[in-house]
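Tertiary structure, described
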Amino acid sequence: MALECEQELLLLLWTFAHHSRAFLTALLASPELADVLMAVCFCVLSWASDAPNSSLVHLCILTLLVISAEPGFGAAAQAPCPHSLPLRGRAARATSASLADLVVGAAAEVLLGGHGRLESVHPAALAVLANVTPHAHSLSADATARLLQCLGLLTAPRYLLASPARRDRAAKRAPARSSNPRGHPPLQKLIPCSGPPP
């Protein structure tokens, strides 16, 4: 059975999660949280490489960010995935262990396998990773490998210098280098003996 209104449901979920503290508290306490997380992560893993669905991937990542920022999320992230998702390849391995593995796989897919239109959601995907990983007591080998790939991507010069905004941030964070490594004052310009000094 195909779902015809997944876009509207995603928007409704994000709106309630973002604006209603009572809804978010009830969602974190309910046993359906695993199904909701699996559905949102399935959308990310399915649509991350599809440019026309990039706005829906943005919405999914922002929903994961709001849910993962809650204090009660850590205990829920340890639960095993209740069922497998119909995915293939690299994305299929993300559903083999806990919900934390699935969320890490979804956020990493945006960073590693996404296209240029998803670049604006990279900070939110990194925040999702930062929210999930401290609570994960044991990540699967695939989730750990994906985290290491993300680290490699984020430290690569081609990523850091790809956009002007990141280039400016990297320049501000880099220590100023002096042309003289030992800290000696620069040599004075030699003045020729004949003629007036410049």
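Everything below is about the structure shown above.
Residues numbered from 1 in each chain as written. Predicted model: local features only at pLDDT ≥ 70, side-chain atom pairs only at ≥ 80, totals over all residues. Heavy atoms only, no water.

1. Re the overall build of the protein chain
When you go through the protein chain residue by residue, the secondary structure sums to 10 helices and zero strands. Element order for the protein chain, N to C, with α for helix and β for strand: α-α-α-α-α-α-α-α-α-α. Classification of the 198 residues of the protein chain by burial places 38% in the buried group. A sequence separation of at least 24 residues applies to 67% of the contacts in the protein chain between residues at least 6 apart. On the protein chain, roughly 11,800 Å² of surface is accessible, and the fraction owed to carbon and sulfur atoms is 62%. (Helix = DSSP H or I, 4+ residues; strand = E, 2+ residues; numbered from the N terminus. Buried < 20%, exposed > 50% of the residue type's maximum accessible area, 1.4 Å probe, protein only. Contact = heavy atoms within 4.5 Å. Areas by Shrake-Rupley, 256 points an atom, 1.4 Å probe, with all protein chains shown as cover.)

2. Focus: the nonpolar core
Counting residues in each nonpolar core, the largest one holds 52 residues, and the members touching the most others are Leu-10, Ile-61, Leu-64, Ile-67, Phe-73, Leu-102 and Val-110. When residues no more than four places from it in sequence are discounted, the contact partners of Leu-64 are Leu-37, Val-40, Cys-41, Val-103, Ala-106 and Val-128. (Core = buried A, V, L, I, M, F, W, Y, C linked by side-chain atoms within 4.5 Å.)

3. Some points on the packing of helix H4 (residues 54-68) against helix H6 (residues 99-112)
The interhelical angle for the contact between H4 and H6, taken along N-to-C directions, is 140°, at an axis separation of 11 Å. In terms of orientation, H4 lies oblique with respect to H6. As for the relative orientation of H4 and H6, their crossing is left-handed in sense. Packed against H4, whose contacting residues are Val-57, Ile-61 and Leu-64, the element H6 presents Val-103, Ala-106, Ala-107 and Val-110 at the interface. A breakdown of the residues in the contact of H4 with H6 according to their chemical character gives seven nonpolar, no polar and no charged. (Axes fitted to C-alpha atoms, helices over the stretch in contact; angles between N-to-C directions. Parallel < 35°, antiparallel > 145°, perpendicular 65-115°, else oblique. Left-handed = near helix turned anticlockwise from the far one by under 90°. Nonpolar A, V, L, I, M, F, W, Y, C, P; charged D, E, K, R; others polar.)

4. A short note on the packing of aromatic side chains
Counting across every chain of the model gives one aromatic pair. An angle of 35° between the planes, with centres 5.4 Å apart, marks the rings of Phe-16 and Phe-23 as tilted. With relative accessibility at 41%, the residue Phe-16 sits in the partly exposed group. (Phe/Tyr/Trp six-rings, centres within 6.5 Å; stacked < 30°, edge-to-face > 60°.)

5. A closer look at helix H3 (residues 33-47)
Owing to its 3.6 residues per turn, the α-helix brings residues three or four apart onto one side. The end-to-end C-alpha separation of H3 is 21 Å, in line with the 21 Å expected for 15 residues at 1.5 Å each. Along H3, the positions that sit buried rather than exposed are Leu-33, Ala-34, Leu-37, Met-38, Val-40, Cys-41, Cys-43, Val-44, Leu-45 and Trp-47. Buried-residue contacts for H3 involve helix H1 (6-19), helix H2 (21-29), H4, helix H5 (73-77) and H6. (Expected span 1.5 Å × (residues − 1).)

6. Topic: the pattern of salt bridges
Evaluated as defined, the whole model comprises two salt bridges. With a shortest N-O distance of 2.5 Å, Arg-21 and Glu-70 are connected by a salt bridge. Taken as a pair, Arg-21 in helix H2 and Glu-70 in the loop between H4 and H5 lie far apart in primary sequence, 49 residues in all. Judged by its relative accessible area of 15%, Glu-70 is buried. With its nearest N and O atoms 3.0 Å apart, the salt bridge here joins Glu-109 to Arg-146. Of the two residues, Glu-109 sits in helix H6 while Arg-146 sits in helix H8 (residues 141-155), which places them 37 residues apart along the sequence. (Salt bridge = Lys/Arg side-chain N within 4 Å of Asp/Glu carboxyl O.)

7. Re the packing of H1 against H4
In contact at an axis separation of 10 Å, H1 and H4 are set at 30° when each is read in the N-to-C sense. Here H1 lies roughly parallel to H4, going by the angle between them. In this structure, the crossing between H1 and H4 has a hand that is left-handed. Here Gln-7, Leu-10, Leu-11, Leu-13, Trp-14, Ala-17 and His-18 of H1 lie close against H4, whose contacting residues are Leu-56, Leu-59, Cys-60, Leu-62, Thr-63 and Val-66. Looking at the contact of H1 with H4, its residues break down into 10 nonpolar, three polar and no charged.

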